[in-house]
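As a plain string of letters, each chain reads:
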Amino acid sequence: AIILSLKALGIKKGDEVITVCNSFYATAGAIAACGATPVFVDCDERYQIDIEQVKIKISKKTKVIMPVHWGGASPDMQQLSKIAKKNNVHIVEDACMGIGAKINGKSPGTFGIVNAFSMHPLKSLNVMGDGGMVVTNNTKIFNWLKKFRNHGMINRDKIDFWGVNARLQPLQAVVAIEGLKKIDRLVQRRNYNAKILDKGLKKLYPNVILPSRKKNYLETFALYMGRFKKRDKLKKFLNKKKIDTKIHYPIPLHLQKPGVDLGYRRGNFKSSENQAKELLTLPVHQYLTKSQLNYIIKNINFFYKKEKN
Ligand SMILES: *Cc1c(COP(=O)(O)O)cnc(C)c1O
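No experiment lies behind these values; they were computed from the predicted model shown.

1. With respect to the site of the ligand
Here is step 1: Around the ligand, the neighbouring residues are Ser23, Phe24, Ala26, Thr27, Val68, Trp70, Asp94, Cys96, Met97, Ser118, His120 and Lys123.
Here is step 2: Ser118 is positioned with one of its side-chain polar atoms (N or O) 2.6 Å from an oxygen atom of the ligand.
Here is step 3: In the complex, 81% of the free accessible area of the ligand, which totals 390 Å², lies under the protein chains.
Here is step 4: In terms of residue class, the shell around the ligand is made up of 6 nonpolar, 4 polar and 2 charged.

The following block contains the structure:
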């Protein structure tokens, strides 16, 4: 979906796309797949793209700013839109974790000119397999994408331009339509669970540092992340207690092999590099019971009490 969004804008070799270094590989991979260069910036204390750094990184080659709704929270999209407009570049949102979120009443995927969602099995809207979605209000882009994803076909015997097969399969589409009906309830449920975790974990500051929750922003809690002292030891401890946790991600994009090949080094982006050492993702999904959430909180409390003694 990200590749298609960028292709629709004619992004190609020599172009630069500014994005954040703490995202999933697909964000940068899609930029590179179009032949363009991902230009990374750091993230802030909410794990979202650092808007001040975006301003600095805009160059003559910049064609697109690609913010990520990381973890299901959102950067300040209004401010990013202003910066994009002022510099005459496009916004393309990686809204893969943002389906069902709200920013002052507006949905992720409605700020950029053409934007991408993922429906991978791990996402809130999943299609029992791989799938993705592109959204746009631009008729020209819409018509181009409809052809491009279907070999550039006008009809069976004629093509308009060289395209690809990027069609969503019918079964997947049916599952997505059903999933869409439930998405608001699902996001509500994850928010309810996140509130319970927030309340229980806030007391553990500064061993546990949670990101601030912005007023008038509805998060999806695709991931419930926080910074935890002695993270690796805690992770092992929780695992023993049968609480599964994950790290999103231990190595930021700029320090992955292709990032280093672009010239990035440790120390370039302090915020994401420091976060990578302490971040932990806890279970927050819609099937958790209140007692299971309390069990998680109780064990994290127990861990830090034990560590103190
Ligand atoms: C899931 C995700 C993607 C896309 O992953 P696919 O495996 O291609 O569905 C891209 N960006 C972000 C931030 C994601 O979370």
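From this point on, the discussion continues.
2. Side note on the packing of helix α6 (residues 170-202) against helix α10 (residues 290-308)
Here is step 1: Viewed as axis vectors pointing N to C, α6 and α10 meet at an angle of 25°, and their least axial separation amounts to 10 Å. One way to sum up the angle between α6 and α10 is to call them roughly parallel. Note on packing geometry: the crossing formed by α6 with α10 is right-handed. Packed against α6, whose contacting residues are Tyr192, Asn193, Ile196, Leu197, Gly200 and Leu201, the element α10 presents Lys290, Leu293, Asn294, Ile296, Ile297, Ile300 and Asn301 at the interface.
Here is step 2: The residue inventory of the contact of α6 with α10, partitioned by class, reads 8 nonpolar, 4 polar and 1 charged.

3. Things to note about the sheet that holds strand β12 (residues 224-228)
Here is step 1: Strands sit in the order β10-β12-β13 across an open sheet of 3 strands; the sheet is antiparallel. The sheet terminates laterally at β10 (208-209) and β13 (279-282), the two strands that pair on one side only.
Here is step 2: Bridging between β12 and β13 involves 4 bridges; their strand directions are antiparallel. If you follow Met225 over to β13, its bridge partner there is Thr281.

4. Description of the packing of helix α7 (residues 231-240) against α10
Here is step 1: Look at α7 against α10: their axes get within 10 Å of each other, and the N-to-C directions meet at 125°. Judged by the angle between their axes, α7 and α10 are oblique. Considering only the axes of α7 and α10, their crossing is right-handed. Along the contact surface, α7 presents Lys233, Leu234, Phe237 and Leu238, while α10 presents Asn299, Ile300, Phe302, Phe303, Tyr304, Lys306 and Glu307.

5. Quick look at a positive patch on the surface
Here is step 1: The grouping of Lys236, Lys240, Lys241, Lys298 and Lys306 at the surface amounts to a positive patch.
Here is step 2: Of all elements in the fold, only α7 and α10 reach the threshold of two or more residues within the positive patch.
Here is step 3: Residue placement: Lys240 occurs in helix α7.

6. What about unusual backbone geometry?
Here is step 1: The omega torsion of the bond from Tyr205 to Pro206 falls at 5°, within 30 degrees of zero and hence cis.
Here is step 2: In this structure, Pro206 sits in the loop between α6 and β10.
Here is step 3: Residue His248 is joined to Tyr249 through a cis peptide bond whose omega torsion reads -10°.
Here is step 4: Its location among the elements puts Tyr249 in the loop between α7 and α8 (257-261).
Here is step 5: Positive phi, close to 50°, is recorded for Lys230, a residue that is not glycine.
Here is step 6: On the accessibility criterion, Lys230 (47% relative accessible area) is partly exposed.
Here is step 7: Although it is not a glycine, Lys242 sits at a positive phi angle of roughly 65°.

7. A few points about the environment of Leu210
Here is step 1: Within the element layout of this structure, Leu210 appears in the loop between β10 and β11 (217-218).
Here is step 2: Spatially, the C-alpha atom of Leu210 lies 47 Å from that of Gly152, the residues being 58 residues apart in sequence.
Here is step 3: With residues near it in sequence (within four places) discarded, Leu210 still touches Asp198, Leu201, Lys202, Tyr224, Met225 and Gly226.

8. Comments concerning the sheet that holds strand β2 (residues 37-41)
Here is step 1: The 4 strands lie next to each other as β2-β1-β3-β4, forming an open sheet whose pairing is parallel. Sheet topology places β2 and β4 (90-91) at the edges, where each strand pairs with a single neighbour.
Here is step 2: Pairing geometry for strand β3 (residues 62-66) and β4, over 2 bridges, is parallel. The partner of Ile65 across the bridge, within β4, is Ile91.

What counts and how
Residue indices follow the written sequence of each chain, beginning from 1 at its first position. In view of the model being predicted, local features appear only for residues whose pLDDT reaches at least 70, and side-chain atom pairs are presented and counted only at 80 or more, with totals across whole chains, interfaces and linings using the full set of residues. The basis for every side-chain value is the complete set of heavy atoms in the structure, and neither hydrogens nor water enter the calculation. The rule for a residue being near a molecule or strand is that one of its heavy atoms must lie within 4 Å of it. N or O atoms closer than or at 3.5 Å make up a polar contact, with two conditions inside protein: a donor-capable atom paired with an acceptor-capable one, and, for residues adjacent in sequence, both atoms drawn from side chains. To be clear on the numbers: accessible area is Shrake-Rupley with a 1.4 Å probe, and residue cover counts the displayed protein chains and nothing else. Polar here means any residue outside two lists: the nonpolar Ala, Val, Leu, Ile, Met, Phe, Trp, Tyr, Cys and Pro, and the charged Asp, Glu, Lys and Arg; Gly therefore counts as polar. The axes are straight lines fitted to the C-alpha atoms, using for helices just the contacting stretch, and the angles between their N-to-C directions are given from 0 to 180°. Secondary structure counts use DSSP, requiring at least four H or I residues in a row for a helix and at least two E residues in a row for a strand, with both numbered from the N terminus. Comment on the angle field: the value is read as roughly parallel under 35 degrees, roughly antiparallel over 145, roughly perpendicular from 65 to 115, and oblique elsewhere. Here a crossing is called left-handed whenever its near helix is offset anticlockwise from the far helix by less than a right angle, and right-handed whenever the offset is clockwise. Any two residues whose heavy atoms approach within 4.5 Å are treated as being in contact. Strands qualify as paired when DSSP identifies two bridges or more between them. Patch building starts from residues that exceed 30% relative accessible area and form no salt bridge, then joins like charges within 9 Å and nonpolar side chains (Val, Leu, Ile, Met, Phe, Trp, Tyr) within 5 Å. Salt bridges are identified by distance alone: a Lys or Arg side-chain nitrogen within 4 Å of an Asp or Glu carboxyl oxygen. Neither His nor the chain ends is counted toward charge; the positive residues are Lys and Arg and the negative residues Asp and Glu. Charged groups are reduced to one reference atom each: NZ for lysine, CZ for arginine, CG for aspartic acid, CD for glutamic acid. Any residue under 20% of the maximum accessible area for its type is buried, any over 50% is exposed, and the rest in between are partly exposed; the area is computed with a 1.4 Å probe on protein chains only.

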